[in-house]
Amino acid sequence: MVALALALVFGSRLHDWARQRIVQMSVLAEVTEQVIPQPVAADPQGVPAPVEEAPGAAQEVADAGPDAIAPVVEPVNILLLGTDERPDEYGPSRTDTMILLSVNPDTGAMGMVSLPRDLWVPIPGLGITTKINTAYQLGQLQDYPGGGAQLAKDTVSSFVGRPVDYFVRVNFDGFRQLIDLIGGVPVDVPYTIHDEEYPTQDYGVEVFHLDAGLQVLDGETALKYARTRHGDDDYNRARRQQEIIRAVADKVMNAGMIPQLLGKAPQLLMTMQNSIETDLPVPLGIELAQGLQGGSTGEMERLVLDNRYGEETFSSEGAWILLPDRSKVRVALDSFYAPLEAARGA
């Protein structure tokens, strides 16, 4: 499955930034304005209604002195979706990579939660419980308001108990091209990987070998590193995906590559237009990228909801699933979001 590297957020923003720049430099800028679609309103199952603040509550907190509860900042939550779209397949694909990226716009703090594809969750609006990686596909097939992306957002929002503001979906080609466009990414491979059954696009297999140690991965190798799971499992694969995202973010943000990549705007637009889909507004994407530029993702919060947070078992239909323990998941998510929801100086 596609490893959703930062191709997803920063890469897609570069794509949209490039598109915006091209439009601004053309005659189209004089006759049209970009319309940013608003997310479809949803009522995810299991998400409690917001608690209305009592009159005067804000003033009471302000007057409470140094022991008052620290203010909370709502992070921007972006769902990263990876799809395996093969040339001979028709219809919507499953999203076997699902990562919720959260950014605190006040402090620049970032975090990633990986949601395993076998996670067994309720699907809002459809009245069924199934694997989380089917939400996008079901939304497309069932004409869910806002389509598959909205149903995926609503499903994740229902599960984590927080709003999911935007999504970015990328396929294999987009992942490879984005990694190659920035000249590859440095990754410290923790152990040698030797996979003799790495899946190919024509449903065959091939050998994939990667030595341990610091490696600079091109797009194809990064994709294989993020997808391979023979020899370990989906959870370690999720951790590799997060590592690649962090590496891409470090390279793009710290090396100041965004201005350089703007010079490749036409090429970026042509290669990315069929590989990436998003509802993240261009101005917000640029604002987030500029706020993060020059920072470090070394302290990025990371969480993989693996089998420590649920039981691996079979569904009544015989499918292998991860049945979440909601109490353990809640504690893990609260701990994960604590630094991401803190205001500056809190």
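This one's a predicted model, so the numbers in the text were calculated from it and none came from an experiment.

1. Focus on unusual backbone geometry
Excluding glycine, residues mostly have negative phi values, and the peptide bonds linking residues are mostly trans.
At step 1: In this model, Asp 143 sits at a positive phi of 55 degrees, which is unusual for a non-glycine residue.
At step 2: Following the sequence through the fold, Asp 143 ends up in the loop between α3 (135-141) and α4 (147-160).
At step 3: The phi dihedral of Tyr 203 is positive, around 70 degrees, even though this residue is not glycine.
At step 4: Along the chain, Tyr 203 turns up in the loop between β8 (193-199) and β9 (205-210).

2. Points about helix α6 (residues 219-227)
At step 1: Here α6 lies mainly inside the structure; seven of its nine residues are buried.
At step 2: Every buried residue of α6 is accounted for by Gly 219, Ala 222, Leu 223, Lys 224, Tyr 225, Ala 226 and Arg 227.

3. As for empty space enclosed by the protein
At step 1: Under the criterion given, the structure shown has two cavities of 30 Å³ or more.
At step 2: A volume near 120 Å³ is recorded for the largest cavity.
At step 3: Lining the largest cavity are 13 residues, and of these Asp 96, Pro 116, Asp 234, Ala 238 and Gln 241 sit closest to its centre.
At step 4: Looking at the lining of the largest cavity, the elements with two or more residues in it are β2 (95-103) and α7 (234-254).
At step 5: It is α7 that provides the largest number of residues to the lining of the largest cavity, a total of five residues.
At step 6: Per-class residue counts for the lining of the largest cavity are six nonpolar, three polar and four charged.

4. Looking at the sheet that holds strand β12 (residues 301-304)
At step 1: Read across the open sheet, the six strands follow the order β11-β6-β1-β2-β3-β12; overall the sheet is mixed. Each edge of the sheet is formed by a strand with only one pairing partner; in this case those strands are β11 (276-278) and β12. The average undirected angle you get between the axes of adjacent strands in this sheet is 15 degrees.
At step 2: Here five bridges tie β2 to strand β3 (residues 110-114), and the two strands are oriented antiparallel to one another. Bridge pairing in β3 links Ser 102 to Gly 111.
At step 3: In the packing of helix α11 (residues 326-337) onto the sheet, the strands contacted are β1 (76-83), β2, β3 and β12, and the crossing angle to β12 comes to about 165 degrees.

5. A word on the pattern of salt bridges
At step 1: Going through the model one piece at a time under the given rule, you end up with 17 salt bridges.
At step 2: One salt bridge connects Asp 118 with Lys 131, and the closest N-O pair in it is separated by 3.0 Å. Of this pair, Asp 118 sits in the loop between β3 and β4 (120-123) while Lys 131 sits in strand β5 (residues 128-131), placing them 13 residues apart in sequence.

6. Focus: the pairing of β8
At step 1: Pairing between β8 and β9: five bridges, direction antiparallel. By the bridge assignment for β9, His 194 is matched with His 209.
At step 2: Joining the antiparallel neighbours β8 and β9 is a turn of five residues, in which Tyr 203 adopts a positive phi near 70 degrees.

7. What about the packing of aromatic side chains?
At step 1: Under the counting rule described, the total for this entry stands at three aromatic pairs.
At step 2: Plain terms: the ring middles of Phe 314 and Trp 320 are 5.1 Å apart, the flat faces sit at 75 degrees to each other, and that makes the pair edge-to-face.

8. With respect to the nonpolar core
At step 1: The biggest cluster of nonpolar side chains holds 35 residues, and the ones touching the most others in it are Leu 79, Leu 115 and Val 156.
At step 2: Among the secondary structure elements, those contributing two or more residues to this core are β1, β2, β4, α3, α4, α7, β12 and α11.
At step 3: At six residues, the largest contribution of residues to this core is made by α4.
At step 4: Sequence-distant contacts of Val 156, defined by excluding residues within four places in its chain, comprise Leu 79, Met 98, Leu 100, Leu 115, Ile 132 and Val 164.
At step 5: Ranked by size, the runner-up nonpolar core spans 25 residues in total, among them Phe 175, Val 187, Leu 217 and Val 248.

9. Considerations on the packing of helix α5 (residues 172-181) against α6
At step 1: At a minimum axis separation of 7 Å, α5 and α6 run at an interaxial angle of 125 degrees. Comparing the axis directions of α5 and α6 gives the class oblique. Crossing hand, α5 versus α6: right-handed. Contacts between α5 and α6 involve Phe 172, Phe 175, Arg 176, Ile 179 and Asp 180 from the first element and Gly 219, Glu 220, Ala 222, Leu 223 and Arg 227 from the second.
At step 2: Looking at the contact of α5 with α6 residue by residue, the class counts come to five nonpolar, one polar and four charged.

10. Observations concerning the pairing of β2
At step 1: Taken across its nine residues, β2 has eight buried, putting it largely inside the fold.
At step 2: The pairing of β1 with β2 spans eight bridges and is classified as antiparallel. Its bridge partner lying in β2, Ile 78 is registered against Leu 101.
At step 3: Turn length for the β2-β3 hairpin, with the two strands adjacent in sequence and antiparallel, is six residues, and the turn residue Gly 108 shows positive phi of about 80 degrees.

What counts and how
- Residues numbered from 1 in each chain as written.
- Predicted model: local features only at pLDDT ≥ 70, side-chain atom pairs only at ≥ 80, totals over all residues.
- Heavy atoms only, no water.
- Helix = DSSP H or I, 4+ residues; strand = E, 2+ residues; numbered from the N terminus.
- Buried < 20%, exposed > 50% of the residue type's maximum accessible area, 1.4 Å probe, protein only.
- 1 Å grid on protein atoms, 1.4 Å probe; cavity = no way out; pocket = protein on both sides within 12 Å on 5 of 7 lines; lining within 4 Å.
- Points joined across faces, edges and corners; volume = space filled by probe spheres on them.
- Nonpolar A, V, L, I, M, F, W, Y, C, P; charged D, E, K, R; others polar.
- Pairing = 2+ DSSP bridges.
- Axes fitted to C-alpha atoms, helices over the stretch in contact; angles between N-to-C directions.
- Contact = heavy atoms within 4.5 Å.
- Salt bridge = Lys/Arg side-chain N within 4 Å of Asp/Glu carboxyl O.
- Phe/Tyr/Trp six-rings, centres within 6.5 Å; stacked < 30°, edge-to-face > 60°.
- Core = buried A, V, L, I, M, F, W, Y, C linked by side-chain atoms within 4.5 Å.
- Parallel < 35°, antiparallel > 145°, perpendicular 65-115°, else oblique.
- Left-handed = near helix turned anticlockwise from the far one by under 90°.

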